[in-house]
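Structural overview for review
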Amino acid sequence: MSRALLDWYDRHARDLPWRVGPAARAAGVQPDPYAVWLSEVMLQQTTVAAVRDYFYRFTARWPDVEALAAAEDAAVMGEWAGLGYYARARNLLKCARAVARDHGGRFPDSRDGLLALPGIGPYTAAAIAAIAFDRAETVVDGNVERVMARLFAVQTPLPTAKPELTALAARLTPMLRPGDHAQAVMDLGATICTPKRPACGICPLRTPCAARAQGIAADLPRKLAKAPKPTRLGIAYIGRRSDGAWLLERRPESGLLGGMLGWPGTDWAETEPVCAPPADAEWRDPGAEVRHTFTHFHLRLALRVAELPADCTPRCGMFVAHRDFRPSDLPTVMRKAFDLARASVGCD
DNA sequence: TATCCGTGGAT
DNA sequence: TATCCAAGGAT
């Protein structure tokens, strides 16, 4: 079965900027562990389409792990802004610095060695070991779970089925070309064995697939129903000093949008927010609110905007000079707030 | 073990 | 418009 999959991969492997394709791999080209690691962290719960440009920007700015280890925190968080799950960026830096300091700038080449590093869990450790070092590790992500559930018609719902699906995937992991095999299963899940309407007619595994034989491929894997998202409310204060500087704050290291730049404001809760302006001024309501959905709640964020005096001493946050402020450094919800406020004021 | 943690595209 | 979903990890 693995043979059919590798044959398909040899003919249909996607061309990805961080990938050494099967032909080059066969010719002896070794993947760059730094590129494999960076791409795998970016790809955690994130699509290839969303990752591509971030990968280009990161590798252009920081070509190797030593360069990234020497970067400033704010620079890395700003470059990651918009990609989401910001703990990944904080752990990316911790990991780069650990590799530079404790491993002489070389990534460990074993699953266990990789697993000990920040931001590298069971999936990513196995993926780097297999793809970068061609070790026979079993790589299990959402794609692999879906492919295994269908191939063996597993009716157990996720996440309960995870150990069962991992065991099935392990049975298929070959000693020969395990890195290409891992990428082949994931490519298959991303392009053929898709969640909604799998293209079973052109699948290299259509013959042995049990779910296809039973006509239930599109119904697998089963999943437990998820809880509905509540709606939270909040207010954000967007203040600009007369010299053009913006009043921003660095959010706490842990929690939602941890370590990212943002506008001062109230907590976000299901009850009406209590007014808490970061400075005394004539805050006005631009009349539009930001709507944004996070992983586990919807947010309706009201805005207040004000022109602040030159001698303003805010109760929180810090002024960022106009020339130092890049809206692209903001996480998406904060950038939405900025865009709305700017439109209402009608300033540049 | 269950919860928390973003975002944008597809449907 | 609402829901689903993506190459998960930390706590």
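Just so it is clear, the model here is predicted, and its values are computed rather than measured.

With that out of the way, let us pick up the overall build of chain A. When its secondary structure is counted, chain A shows 14 helices and six strands. Within chain A, the proportion of its 348 residues that are buried is 36%. In chain A, 69% of the contacts between residues at least 6 apart in sequence involve partners at least 24 apart.

Here we come to the UniProt feature "domain: HhH-GPD" (unreviewed entry) in chain A. According to UniProt, the "domain: HhH-GPD" (unreviewed entry) feature falls on residues 42–191. A distance of 19 Å separates the end C-alpha atoms of residues 42–191, which is 64% helix and 0% strand.

For the rest of this paragraph, the subject is the protein's contact with DNA strand C. Within the structure, DNA strand C sits among 29 residues, and G121, T124, D141, G142 and N143 are positioned closest to it. For the surface near DNA strand C, the secondary structure elements donating two or more residues are α9 (122–133), α10 (142–151) and α12 (178–191). Per-element accounting of the surface near DNA strand C gives the leading share, five residues, to α12. Residue classes in the surface near DNA strand C are distributed as eleven nonpolar, twelve polar and six charged.

This paragraph deals with the domain arrangement of chain A. As assigned here, chain A comprises domain 1 (2–219) and domain 2 (231–345). Taking only C-alpha atoms, the centre of domain 1 and the centre of domain 2 are 36 Å apart. The interface of domain 1 with domain 2 comprises seven residues on the first partner and eleven residues on the second. Elements represented by at least two residues in the side of domain 1 that touches domain 2 include exactly α6 (73–80) and α7 (87–102). Across the side of domain 1 that touches domain 2, the residue classes tally to four nonpolar, two polar and one charged.

A separate point is the environment of A343. Mapped onto the elements of the fold, A343 is located in helix α14 (residues 332–345). Overall, A343 belongs to the exposed group, with 11 C-beta atoms counted inside 10 Å. Measuring from C-alpha to C-alpha, the distance between A343 and P286 comes to 9.1 Å, with 57 residues separating the pair along the chain.

With that out of the way, let us pick up the nonpolar core. I128, M148, I238, L303 and A337 are the most contacted members of the largest nonpolar core, which totals 87 residues. Ranked by the residues each element gives to this core, the list is headed by α9, at nine residues. Counting residues domain by domain, this core receives three or more from each of domain 1 (2–219) and domain 2 (231–345). What I128 contacts, discounting residues up to four positions off in sequence, is P33, V36, W37, E40, F107 and L114.

If you check the shell around DNA strand B, you find 20 residues, and the closest are G84, Y86, T295, P331 and T332. For the surface near DNA strand B, the secondary structure elements donating two or more residues are α4 (48–61), β4 (290–293) and α14. Split into classes, the residues belonging to the surface near DNA strand B amount to nine nonpolar, ten polar and one charged.

For the pair helix α1 (residues 2–12) and α12, interaxial distance at closest approach is 9 Å and the crossing angle is 75°. Between α1 and α12, the crossing angle belongs to the class labelled roughly perpendicular. Where α1 abuts α12, its residues S2, L5, L6, W8 and Y9 lie against D180, H181, Q183, A184, V185, D187 and L188. Partitioned by chemical class, the residues of the contact of α1 with α12 number seven nonpolar, three polar and two charged.

Put simply, L158 and P159 share a cis peptide bond, and its omega is 5°. The linkage connecting L220 with the following residue, P221, adopts the cis geometry, with an omega of -5°. Looking at where P221 falls in the secondary structure, it is placed in the loop between α13 (210–214) and β1 (231–241). Positive phi, normally seen in glycine, also occurs at Y85, with a value near 45°. We classify Y85 as partly exposed; it has 14 C-beta atoms within 10 Å. Here the phi dihedral of L257 falls at roughly 55°; this positive angle occurs in a residue that is not glycine. Summarising the element assignment, L257 is placed in the loop between β2 (246–250) and β3 (261–262).

Rules and cut-offs
- Residues numbered from 1 in each chain as written.
- Chains lettered and ligands numbered in written order.
- Predicted model: local features only at pLDDT ≥ 70, side-chain atom pairs only at ≥ 80, totals over all residues.
- Helix = DSSP H or I, 4+ residues; strand = E, 2+ residues; numbered from the N terminus.
- Buried ≥ 20, exposed ≤ 12 C-beta atoms within 10 Å, placed from the backbone.
- Contact = placed C-beta atoms within 7 Å.
- UniProt positions renumbered as here; feature names shortened; annotations may be inferred.
- Near = placed C-beta within 6 Å.
- Nonpolar A, V, L, I, M, F, W, Y, C, P; charged D, E, K, R; others polar.
- Domains from an automatic or database assignment.
- Core = buried A, V, L, I, M, F, W, Y, C linked by C-beta atoms within 7 Å.
- Axes fitted to C-alpha atoms, helices over the stretch in contact; angles between N-to-C directions.
- Parallel < 35°, antiparallel > 145°, perpendicular 65-115°, else oblique.

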